[in-house]
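Residue strings, one per chain:
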Amino acid sequence: MHSNTTPVSNNINFFRNYNRLVGFTYVAIVLLTMGFFLYQIRQKHTEEVRVIQGHVERHGQFIEFILRSSLDSLEAMRITAANFYDTAPSSLSEAETHPGHSPLFKKLEQKESNFDLDKAPEKDVTGNLNGIGKLQGRTPEFYLDLEMALNLNQVFQAIAFNLPNASESRYISVDNFSNTYPWMDAAKRSHSEQVYQSQAWLMGTPERNPTGEKYWAPVYYGGTSSGLLVPTAAPVYHKGQFRGVVSIDTSLDYLNRINSDFAYTPGTAFLVDAYGEVVAHPVAYANALEVQTTQKLDKVMPAGILKDGHRLVDTAANQAVEIGDYLLIRHPFISAPWQLVYVVPKNQIWKNLLWERGPIMLLVILGLTLLMVVTYYVTTREFISPASKLVAHIAKESQFTPAPIPVVPGTWKPWFETISQAFKESLQLVGIRQELDIAANMQLSILPRHWPNEKEFSLWGIMRSAKEVGGDFYDHFSLGNGKIGIVVADVSGKGVPAALFGMVSKTLIRATATRNTSEPGEIIAIANDILAEDNDECIFVTTFYAVLDPATGSFTYVNGGHPPPLLVHMDGSTEFLPMTGGSALGIMDGIPFAQKTIQLQAGDYVLMYTDGVTEAFNPQNEEYTPERLPPLFKNRPITDVNEAVNRTVADVDLHANGAPQSDDITCVALHFHFSKTSVVDNQPQADQQAS
């Protein structure tokens, strides 16, 4: 009898081939996975280098802020000194009864060969002024310098409060005295002629610094309580004469603590000054107050980087550079001739990536093994066919072509339904997002990006939308004969229709005003007639349009249903500009618009805004109201238009106290400096006349 072994043999061969196919597939998948893993590691390495660069840049920006703050505080001292010289009497004498002398001057105590302020009444808010020589019989310039130095105490206090890195603030005079904050008994810190040999002084002298620039001096040791200090200083002049140097000493201990907060490890970040001295290092200055001398750059830089004459400044700035076995990034500062240097061994980065990704790779391989085992036993009916149908369904849905759900097992149907619903919602969201992006970009593109800052006037403003797009807008443009047109407006409604209507309104007003020599009231009337045509949506726009003549200070305006601007005089008094009786634009055509003219005086500010300012709500649902605006400027002088706008918006935010912004906030400030032609005396400050 012959046994039929062909089917059995065929089955064996089939399963053998199937096993080989599964095994080959498994090996191929593992190899491909490892190759992909290596590719990912290389990509991750590139990303990691970018991450390090980002950390270095952010760390550098933070330190830049500290250095910039020191320079700003230093400039504040110089400005305070200059202001004092400009306002103080120039004929001061040694007499304590002289009206120009301050109470602190009367506390100065003459000792055998020097004088000091050891008897200061409030030592915690003043510096100790001490010097060499006699207080009596000196020149008026000497007493003027003394009073100026004492007047710097107010700036010293502000520096101590706002500048945590400042260890000491000081003024050193050519008249052999100095004022140093914080206060210390003169016996412990007396004025010495050795200070005139220090680099902080010499670099400020006219011989070394003829242009009077601020500068950073080399690091010096300030004693056990202060440790290493780095001074930034600037010369002080009066009537073209060099009078002394103001300086701020920054604590290297503070810089080192700030630098130690560098957010990325491993690697080392440290600071180097212009003299090749390391001013912050997490290891070299671990106990900064105990270190009396700085480290040189070549002492902390790993071997092999600064060799063969290679200098640190030869390295490209703000770029990751591979030098030998190390990765180096150099970030130069703008506010100081310093460098932020980051160094890390290259192999350390690779090790970290492998330790980070290695367990994931192992889990992937184990998961693939389990998947192959499961796949070996899963039938086509339960997996292959439904999966292929699902892929085909996704392909159709990804092209946003509706497709019916095919016949599949019941457990697969929710997947098909979820994918169909997800793609449907995605299509809707894409359309909405595109519409909002287009509207936002169009709205931003029409707002002016440059603000005038002329000799006769300056103008500046902001617009902050409550939603993705807003209905507020502002504009300014030249009208010929040196006149300037200014527009602040608020469109009714929200969203894309309001934004588009605002864009049309802004363009229409600008085009009508720049191509027409009519009066402002006629310009707005023309714009209103055009906007009212075919306005089926009944959208309207409240508008304040003004024309400024910088040569005379004449300010002619039309108010179309807009909140009245606030006129702020130089003495802090305020008044709201009278309304002109106009209605919002776009409601009805054929409406006349009256105009009014006021005469701006030198120093006047005109604050223009939308109702998003006065109708801002706090959590208690209370409005801001226009009555809150005048107190912002009473007895509070304004330095420029930026401060006028920012002060107003900040007060609105303070009132809102975190409540969601319900309307767009727009604020524009005009500052009239002076006119080219004289203004008739005794003319009313806000002489209003209807045109």
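Residues numbered from 1 in each chain as written. Predicted model: local features only at pLDDT ≥ 70, side-chain atom pairs only at ≥ 80, totals over all residues. Heavy atoms only, no water.

Explain the overall build of the chain to me, please; I cannot follow it from the model alone.
For the chain, the count of helices and strands is 14 helices and 26 strands. For the chain, the residues scored as buried account for 45% of the 691 residues in total. Partitioning the intrachain contacts of the chain with sequence separation of at least 6 by distance along the chain shows that 64% fall at a separation of at least 24. In the form shown here, the chain has an accessible surface area of approximately 35,800 Å², with 56% of it arising from carbon and sulfur atoms. (Helix = DSSP H or I, 4+ residues; strand = E, 2+ residues; numbered from the N terminus. Buried < 20%, exposed > 50% of the residue type's maximum accessible area, 1.4 Å probe, protein only. Contact = heavy atoms within 4.5 Å. Areas by Shrake-Rupley, 256 points an atom, 1.4 Å probe, with all protein chains shown as cover.)

How should the pattern of salt bridges be read in this particular structure?
A side chain of one charge can pair with a side chain of the opposite charge if their charged atoms are brought near each other. Per the stated rule, a full pass over the model turns up 19 salt bridges. Linking Lys 214 and Glu 75 is a salt bridge whose minimum nitrogen-to-oxygen distance equals 3.2 Å. With Lys 214 in the loop between α5 (199-202) and β6 (215-216) and Glu 75 in helix α1 (residues 6-87), the pair connects residues that are 139 residues apart, well separated along the chain. On the accessibility criterion, Glu 75 (24% relative accessible area) is partly exposed. Across the salt bridge formed by Asp 116 and Lys 111, the nearest N and O atoms sit 2.7 Å from each other. Here Lys 111 falls in the partly exposed class, since its relative accessible area comes to 31%. Overlapping salt bridges, with partners in common, bring together Glu 168, Arg 170, Arg 189 and Asp 249 in one network. (Salt bridge = Lys/Arg side-chain N within 4 Å of Asp/Glu carboxyl O.)

When you look at unusual backbone geometry in this model, what are you seeing that I'm missing?
Residues apart from glycine generally show negative phi values, whereas peptide bonds are mostly found in trans. With an omega of 5 degrees, the peptide bond between Tyr 181 and Pro 182 qualifies as cis. With respect to the element layout, Pro 182 can be found in the loop between β5 (177-181) and α5. Despite not being glycine, Asn 318 has its phi angle at roughly 60 degrees, a positive value. Using a relative accessible area of 42% as the deciding quantity, one classes Asn 318 as partly exposed. With a phi close to 65 degrees, Asn 621 is a non-glycine residue in the positive phi region.

What exactly am I supposed to notice about the nonpolar core here?
Across soluble globular proteins, nonpolar side chains have a tendency to be buried as a group. Within the largest apolar cluster, 49 residues are counted, with the highest numbers of intra-cluster contacts made by Ile 52, Phe 270, Met 301, Trp 338, Val 341 and Tyr 342. The element that contributes the greatest number of residues to this core is α1, accounting for nine residues. Not counting residues within four places of it along the chain, the set of residues in contact with Met 301 comprises Phe 270, Leu 306, Leu 312, Leu 328, Val 341 and Val 343. (Core = buried A, V, L, I, M, F, W, Y, C linked by side-chain atoms within 4.5 Å.)

How should I be thinking about the packing of aromatic side chains in this particular structure?
How two aromatic rings sit relative to each other is set out by the distance from centre to centre and by the angle between their planes. Going through the model one piece at a time under the given rule, you end up with 17 aromatic pairs. A ring pair is formed by Phe 142 and Tyr 143, whose centres lie 5.3 Å apart and whose planes are at 75 degrees; its orientation type is edge-to-face. When sorted by exposure, Phe 142 lands in the same class as Tyr 143, which is buried. Their ring planes at 35 degrees and their centres at 6.0 Å tell us that Phe 156 and Tyr 181 sit as a pair that is tilted. Of the two residues, Phe 156 is situated in helix α4 (residues 153-162) and Tyr 181 in strand β5; the sequence distance between them amounts to 25 residues. Here Phe 156 and Tyr 181 have matching classes, each one buried. Aromatic ring contacts, followed pair by pair, group Phe 105, Phe 115, Phe 142, Tyr 143, Tyr 171 and Phe 177 into a single cluster. (Phe/Tyr/Trp six-rings, centres within 6.5 Å; stacked < 30°, edge-to-face > 60°.)

Help me out: how do you make sense of helix α14 (residues 641-656) in this one?
Compared with the 22 Å implied by 1.5 Å per residue over 16 residues, the 23 Å span of α14 between its first and last C-alpha is a close match. Along α14, the residues that are buried comprise Val 641, Ala 644, Val 645, Arg 647, Thr 648, Val 649, Val 652, His 655 and Ala 656. If you follow the buried residues of α14, they end up packed against β16 (457-464), β24 (605-609), α13 (611-614) and β25 (665-672). The backbone nitrogen of Asn 642 has a side-chain oxygen 3.3 Å away, supplied by the residue at the start of α14, namely Asp 640. Looking one or two residues beyond α14, the residue adopting positive phi is Asn 657, at roughly 55 degrees. (Expected span 1.5 Å × (residues − 1). Polar contact = N/O pair within 3.5 Å; in protein donor to acceptor, adjacent residues only side chain to side chain.)

Can you walk me through the pairing of β24 in this structure?
With five of five residues buried, β24 lies mostly within the body of the structure. As judged from the three bridges shared by strand β21 (residues 566-568) and β24, these two strands associate in the antiparallel manner. From the neighbouring strand, Leu 566 faces β24, where its bridge partner is Leu 607. Across five bridges, β24 lies against β25 in antiparallel orientation. (Pairing = 2+ DSSP bridges.)

How should I be thinking about the sheet that holds strand β22 (residues 574-576) in this particular structure?
Across a sheet, strands are paired by hydrogen bonds formed along the backbone, either parallel or antiparallel in direction. Taken in spatial order, the five strands line up as β16-β25-β24-β21-β22 in an open sheet, and their pairing is antiparallel. At either margin of the open sheet sits one strand with a lone partner, and together these are β16 and β22. Strand-to-strand twist of the sheet, defined as the mean angle between neighbouring strand axes without regard to direction, takes the value 15 degrees. For β21 and β22, the ladder comprises three bridges, and the chain directions are antiparallel. In the strand pairing of β22, Leu 567 is matched with Glu 575. (Axes fitted to C-alpha atoms, helices over the stretch in contact; angles between N-to-C directions.)

Which parts of the structure should I look at to understand the packing of helix α11 (residues 495-514) against helix α12 (residues 520-532)?
When two helices pack together, their arrangement is given by the angle between the helix axes and by the axis-to-axis distance. Packing of α11 against α12 leaves a shortest axis separation of 9 Å and a crossing angle of 140 degrees. Our classification of the angle between α11 and α12 gives oblique. The chirality of how α11 crosses α12 is right-handed. For the pair formed by α11 and α12, the contact residues are Phe 501, Val 504, Ser 505, Leu 508, Ile 509, Thr 512 and Ala 513 on the first element and Ile 523, Ile 526, Ala 527, Ile 530 and Leu 531 on the second. (Parallel < 35°, antiparallel > 145°, perpendicular 65-115°, else oblique. Left-handed = near helix turned anticlockwise from the far one by under 90°.)

Explain the sheet that holds strand β13 (residues 320-323) here, please?
Taken in spatial order, the six strands of this open sheet run β12-β11-β10-β15-β14-β13, and their pairing is antiparallel. Of all the strands in the sheet, just β12 (295-296) and β13 have a single pairing partner and so form its edges. Judged from the two bridges that link them, strand β11 (residues 277-280) and β12 form a sheet pairing that is antiparallel. In the strand pairing of β12, Val 278 is matched with Gln 295. Of the strands in this sheet, β10 (268-272), β11 and β15 (339-345) are in contact with helix α6 (residues 252-259), which crosses β11 at around 70 degrees.

I would appreciate a short explanation of the side chain of Ser 226 in the present structure.
Tracing the backbone shows Ser 226 in the loop between β7 (220-221) and β8 (228-238). If we skip the residues at most four places from it in the chain, Ser 226 touches Ser 167, Ser 251 and Leu 289.

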